[in-house]
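What follows is each chain in one-letter form.
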Amino acid sequence: MAAAASSMMTTTILAAILISLAGVATTADAKFRAMQWTPAHATFYGDETASETMGGACGYGDLYASGYGTDTAALSTTLFRDGYGCGTCYQLRCVGTSSCYRGSPVITVTATNLCPPNWSIPSDAGGWCNPPRSHFDLAKPAFMKMADWHAGIVPVMYRRVPCVRSGGVRFSLQGNGYWLLVYVMNVAGAGDVGDMWVSGGGQGWMRMSHNWGASYQAFAQLGGRELSFKVTSYTTGETILAAGVAPASWCVGLTYQARVNFR
Ligand SMILES: *[C@@H]1O[C@H](CO)[C@@H](O)[C@H](O)[C@H]1NC(C)=O
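As a starting point, this report considers the structure included with it. The structure displayed is predicted, hence computed values, not measured ones. (Residues numbered from 1 in each chain as written. Predicted model: local features only at pLDDT ≥ 70, side-chain atom pairs only at ≥ 80, totals over all residues. Heavy atoms only, no water.)

1. Focus on the sheet that holds strand β15 (residues 255-257)
Point 1. In space, the five strands of this open sheet follow the order β11-β12-β8-β7-β15, with antiparallel pairing throughout. Whereas interior strands pair on both sides, the edge strands pair on one side only; in this sheet they are β11 (209-212) and β15. When strand polarity is set aside, the average angle formed by the axes of neighbouring strands in this sheet is 35 degrees.
Point 2. Relative to strand β12 (residues 215-218), strand β8 (residues 179-185) is paired through four bridges, and the arrangement is antiparallel. In the strand pairing of β12, Leu181 is matched with Gln217. (Pairing = 2+ DSSP bridges. Helix = DSSP H or I, 4+ residues; strand = E, 2+ residues; numbered from the N terminus. Axes fitted to C-alpha atoms, helices over the stretch in contact; angles between N-to-C directions.)

2. So, the pattern of salt bridges
Point 1. All chains considered together, the criterion is met by five salt bridges.
Point 2. In this structure, the salt-bridge partner of Asp195 is Arg207, at a minimum N-O distance of 2.7 Å. In this pair, Asp195 sits in strand β9 (residues 195-200) while Arg207 sits in strand β10 (residues 206-207), placing the two residues 12 residues apart along the sequence.
Point 3. According to the relative accessible area criterion, Arg207 is exposed, its value standing at 56%. (Salt bridge = Lys/Arg side-chain N within 4 Å of Asp/Glu carboxyl O. Buried < 20%, exposed > 50% of the residue type's maximum accessible area, 1.4 Å probe, protein only.)

3. Considering empty space enclosed by the protein
Point 1. Applying the stated criterion across every chain, the model contains one cavity of 30 Å³ or more.
Point 2. Within this model, the largest cavity holds a volume of roughly 50 Å³.
Point 3. Around the largest cavity, the lining residues are Tyr60, Gly83, Tyr84, Cys86, Val184, Val187, Gly191, Asp192, Val193, Gly213, Ala214 and Tyr216.
Point 4. Considering only residue class, the lining of the largest cavity consists of eight nonpolar, three polar and one charged.
Point 5. Counting contributing residues, the lining of the largest cavity receives three or more from each of domain 1 (38-161) and domain 2 (170-257). (1 Å grid on protein atoms, 1.4 Å probe; cavity = no way out; pocket = protein on both sides within 12 Å on 5 of 7 lines; lining within 4 Å. Points joined across faces, edges and corners; volume = space filled by probe spheres on them. Nonpolar A, V, L, I, M, F, W, Y, C, P; charged D, E, K, R; others polar. Domains from an automatic or database assignment.)

Taken by themselves, the reported measurements are silent on function.
What follows is the structure, given as C-alpha cells:
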C-alpha cells in the first residue's frame, strides 16, 4: 500500500513537472466540456459544393486549406457574439420532423461565418438569424448529413462541444510593416479566442486588440522579428504560450503552426 501511494505520488509529481515543462496551462482545470442540449433551428446556405461557404466572417479563408472543410456553420448574431463565437464547435441533431434522417444522426460543425439578421422579414417567417434567435445556417453538405434538404428549415437540438483539432494552433499573418493582423485557426478545446498578446524577438508582451471574426491586431513594427503569441480562450480563460511560432523571416500571407494547443 505504501508502495502504491509512493508510486502514485511519483506519477503526480512527474505529471506536474511535465505540465510545467510544456509551459502550456496557466489555469488549472480549464478544460472545456460539452454543454447542455438546447433547442434551435437549422437551415443551409450555398450548394453541395459549399463554394459559397468558403471565406466567411471569421476570416478563415478557404475552408479546405484551413482544415474546416464543409462541416461548418454560419451562426446567428446571438451565437456569433461579435466574432468571439468563431471557431466554436457544435453537435446538432434534427428532431421532430419527418425530414430528419432516421435515428437523428449527430453532426459536428465549426462556426466559420455570421448569418446576418434581416429585419425586413419577421424572425418566425424567414428572419431565422435575427436576434435573439439561436440559429445555425449550415453548409449544405453538413445539413444533408442529418436531414432532407428539401425541408429548408428543421428543428434541431444542439450543444456546444470541445473542438477536436490535430496539431497546434495556426496563425495566419496579414498586415504590413506597421500593422500585424493575425487570424487564429485550428483552435482546440473551447475553440474560441478572447485575448491575445504578441512578442517580437524577445521584446515584452504587447496586448493585441480584437479586429473582427477570429482576428487580432497589433499596431507595431514587428517585421524581421521572431514572433511569439499568448492566446487566451474566451470561454475557459486558459492561456497558452506559443513561443517562436514565426521565424524572423516571417511573411504576410503565410500561416505558421504552433506546437501547442488547448486541451
Ligand atoms: C431581406 O429579405 C428580403 C425579403 O426576402 C430580401 O428581398 C432582401 O434582399 C433581404 N436583405 C438582405 C440584406 O439579405
